[in-house]
Amino acid sequence: GSTTAFCATGLRNLGNTCFMNAILQSLSNIQQFCCYFKELPAVELRNGKTAGRRTYHTRSQGDNNVSLVEEFRKTLSILLFPFLLRGYQQQDAHEFMRYLLDHLHLELQGGFNGVSRSVILQESSNLSASNKCCINGASTVVTAIFGGILQNEVNCLICGTESRKFDPFLDLSLDIPSQFRNKRTKNQESGPMCTLRDCLRSFTDLEELDETELYMCHKCKKKQKSTKKFWIQKLPKVLCLHLKRFHWTAYLRNKVDTYVEFPLRGLDMKCYLLE
């Protein structure tokens, strides 16, 4: 009978920072993730005239000891973000999200705010004992919520030897299939609509590697033609999907404006998972 309240506070655009605002708003509505940071103790100065007051850093101060965990905690508490990436350059939302999650993960492993590393890792492991995904070290709240595992299968086409490799991930980057790349808008052309399922299928379909990606077969003892296929061995609690909006050719980078239809609810991932 309880209701869920979502964060509706706006974020000020500091000059082309909509990429950052979109990611922060999304993360702030993942309850288990943001509650972890909100409950952490605050960093305080304990000497001089500013004793007992919180420290607010800006990039112009040139302080290399700024804690991203602390700045993120303050952001989630007040949903104002005037102290990171101030400027007028165009940025990339996916790049910002990965930077943020990767550095939060690294800081949490090292301990901060006077909280020991062992206490932080214990709290992170308590989030989900069965959902551990270690990326660059021990599990944290970042990997407990966003961490999944891919299985990469490579088969030699000459002798049939199969190689399996397991890779942890925090998000999946999906190509927009080539047959849809010329379709710019939702209603511009007739024909099939590109869907998120098409992008997922393209990511997980069996692929024959070209001459520049020959596989070193341990049985043949040399590089051979092979096929590659991805399976998702383990889904994360929150799955982040990134659509690749640029297509590279030999000399050019082209923007892919294809409209991609995706469900707001009920995305079925069963056909991409290992049994």
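Just so it is clear, the structure is predicted and the values come from calculations on it, not from any experiment.

A few points about the sheet that holds strand β5 (residues 207-208)
Consideration 1: Overall, antiparallel pairing links the 4 strands, which are arranged β2-β1-β8-β5 in an open sheet. Each edge of the sheet is formed by a strand with only one pairing partner; in this case those strands are β2 (162-169) and β5.
Consideration 2: Two elements, strand β1 (residues 148-156) and β2, share 8 bridges in a ladder whose sense is antiparallel. By the bridge assignment for β2, L150 is matched with D167.

Here we look at the pairing of β1
Successive residues of a regular strand alternate their side chains across the two faces of the sheet.
Consideration 1: With 8 of its 9 residues buried, β1 lies for the most part within the structure.
Consideration 2: Where β1 hands over to β2, the hairpin turn is made up of 5 residues, of which G160 adopts a positive phi near 85°.
Consideration 3: As paired strands, β1 and strand β8 (residues 226-234) are joined by 8 bridges and run antiparallel to one another. Looking at the pairing, E153 lines up with K229 of β8.

Let's talk about unusual backbone geometry
Consideration 1: You will see that K221, though not glycine, has its phi angle at about 65°, which is positive.
Consideration 2: Within the secondary structure layout, K221 lies in the loop between β6 (215-217) and β7 (222-224).
Consideration 3: Judged by relative accessible area, K221 falls into the exposed class, the value being 66%.

A look at the layout of surface pockets
Consideration 1: Roughly 1100 Å³ of volume is contained in the largest pocket.
Consideration 2: If you trace the largest pocket, you find 28 residues lining it, with M97, L239, C240, L241 and H242 closest to the centre.
Consideration 3: Of all the elements in the fold, those that place two or more residues in the lining of the largest pocket are α1 (18-28), α4 (93-110), β9 (241-243), β10 (246-248) and β11 (253-255).
Consideration 4: For the lining of the largest pocket, the class distribution of residues is 17 nonpolar, 4 polar and 7 charged.
Consideration 5: Each of domain 1 (12-41 + 66-110 + 139-146) and domain 2 (148-182 + 192-272) contributes no fewer than three residues to the lining of the largest pocket.

Quick notes on the rules
- For every chain, the first residue of the written sequence is number 1, and numbering continues from 1 along that sequence.
- Thresholds applied to this predicted model are a pLDDT of at least 70 for local features of residues and 80 or more for the giving and counting of side-chain atom pairs; totals over whole chains, interfaces and linings are not thresholded and use all residues.
- For the side-chain quantities, the full set of heavy atoms in the structure was used; hydrogens and water were omitted.
- When DSSP finds two or more bridges between two strands, those strands count as paired.
- Strands are runs of DSSP state E lasting at least 2 residues, helices are runs of H or I lasting at least 4, and numbering of each runs from the N terminus.
- We call a residue buried when its accessible area falls under 20% of the maximum for its residue type, exposed when it is over 50%, and partly exposed in between, using a 1.4 Å probe and counting protein chains only.
- For each structure, a 1 Å grid was placed over the protein atoms alone; sets of points admitting a 1.4 Å probe that cannot get out are labelled cavities, open sets with protein on both sides within 12 Å along at least five of seven lines are labelled pockets, and lining residues have an atom within 4 Å of a point.
- Grid points are joined across faces, edges and corners, and a volume is the space filled by probe spheres set on the points.
- All amino acids are sorted into three groups, where Ala, Val, Leu, Ile, Met, Phe, Trp, Tyr, Cys and Pro are nonpolar, Asp, Glu, Lys and Arg are charged, and the leftover types, Gly among them, are polar.
- Delimitation of the domains relies on an automatic or database domain assignment.

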